[in-house]
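Architecture and fold: a report
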Amino acid sequence: MPEACDALAPRRPLRWLWLALAYLSLGLAVLGVIIPGLPTTEFVLLAAWAASRSSPRLAAWLENHRLFGSLLRNWRDGGVISRHTKLMASLSMLVALAIMLLTVNHLPSVLFAAGGMACGAAWIWSRPEQRKS
């Protein structure tokens, strides 16, 4: 067996794991567009990262996607999250928290979720909104 094949052999199973993670993350990101409280940005970033390790074609598709492409380019160019994205993420978290307050009877669960959302929102709002010149 050629040495090049030996060098690639251990990576092949790992490639499929990265690819599965990329598609799972992408599916969760799409759900995050629809379901309040489910993050989109983090799952798109994870999908792009996993795709870059497994599928150049998927990575290029994500980079050029109508909805996700600008988000990925902004992140790559300095960890930028646009104000619109920050507002939508915060609004989604508030809607999800309101739904939980109305439907979940276990207060510690609601408080735990609210704390997680607050941490997520604080991190999102700590990111720059524009690239540094």
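See the structure above.
The structure reproduced in this document is the subject of the present report. (Residues numbered from 1 in each chain as written. Predicted model: local features only at pLDDT ≥ 70, side-chain atom pairs only at ≥ 80, totals over all residues. Heavy atoms only, no water.)

1. Here's the deal with the overall build of the protein chain
In plain terms, the rule: Where helices and strands are cited, they refer to DSSP runs of H or I of at least four residues and of E of at least two residues respectively, numbered from the N terminus. Within these notes, the globule rule equals 2.2 Å times the number of residues to the 0.38 power, and the radius of gyration is based on C-alpha atoms. Exposure categories follow from relative accessible area, calculated using a 1.4 Å probe and restricted to protein chains: below 20% of the type maximum is buried, above 50% is exposed, and the middle band is partly exposed. Computed with the Shrake-Rupley method and a 1.4 Å probe, the accessible areas treat only the protein chains shown as cover for residues. By the counting scheme adopted, Arg and Lys are positive, Glu and Asp are negative, and His together with the chain ends is not counted. Positions of charges follow a simple convention, taking NZ of Lys, CZ of Arg, CG of Asp or CD of Glu.
On a plain count of helices and strands, the protein chain comes out with 7 helices and 0 strands. The order of α-helices and β-strands along the protein chain, N terminus first, is α-α-α-α-α-α-α. A compact globule built from 133 residues would reach a C-alpha radius of gyration of about 14 Å, whereas the protein chain, at 18 Å, exceeds it by more than 25%. In the protein chain, buried positions account for 29% of the 133 residues. Of the roughly 9,000 Å² of accessible surface on the protein chain, 68% is carried by carbon and sulfur atoms. Of the charged side chains in the protein chain, 13 are positive and 6 negative, and the gap between their average positions amounts to 7 Å.

2. As for the packing of aromatic side chains
Condition: Whether two aromatic rings pair depends on their centres lying within 6.5 Å, for rings of Phe, Tyr and Trp, where Trp uses its six-membered ring; planes under 30 degrees apart make the pair stacked, over 60 edge-to-face, and the rest tilted.
Considering all chains together, one arrives at 2 aromatic pairs under this definition. Both rings, one in tryptophan 18 and one in tryptophan 49, keep their centres 4.9 Å apart while their planes meet at 85 degrees; by these two values the pair is edge-to-face. With tryptophan 18 in helix H2 (residues 11–34) and tryptophan 49 in helix H3 (residues 41–54), this pair connects stretches of sequence that are 31 residues apart. For tryptophan 49, a relative accessible area of 37% gives the class partly exposed.

3. So, the nonpolar core
Heads up, the rule is: Buried Ala, Val, Leu, Ile, Met, Phe, Trp, Tyr and Cys residues that are joined via side-chain atoms within 4.5 Å together make up what is termed a nonpolar core. The contact criterion used throughout is that any non-hydrogen atoms of two residues lie within 4.5 Å.
Leu26, Val44, Leu58, Leu62 and Leu72 are the most contacted members of the largest nonpolar core, which totals 16 residues. The set of elements that each furnish at least two residues to this core consists of H2, H3, helix H4 (56–63) and helix H5 (69–76). No other element matches H3, which puts 7 residues into this core. The residues touching leucine 62, leaving out its near neighbours within four places in the chain, are Leu26, Ala47, Ala48, Ala51, Phe68, Gly69 and Leu72.

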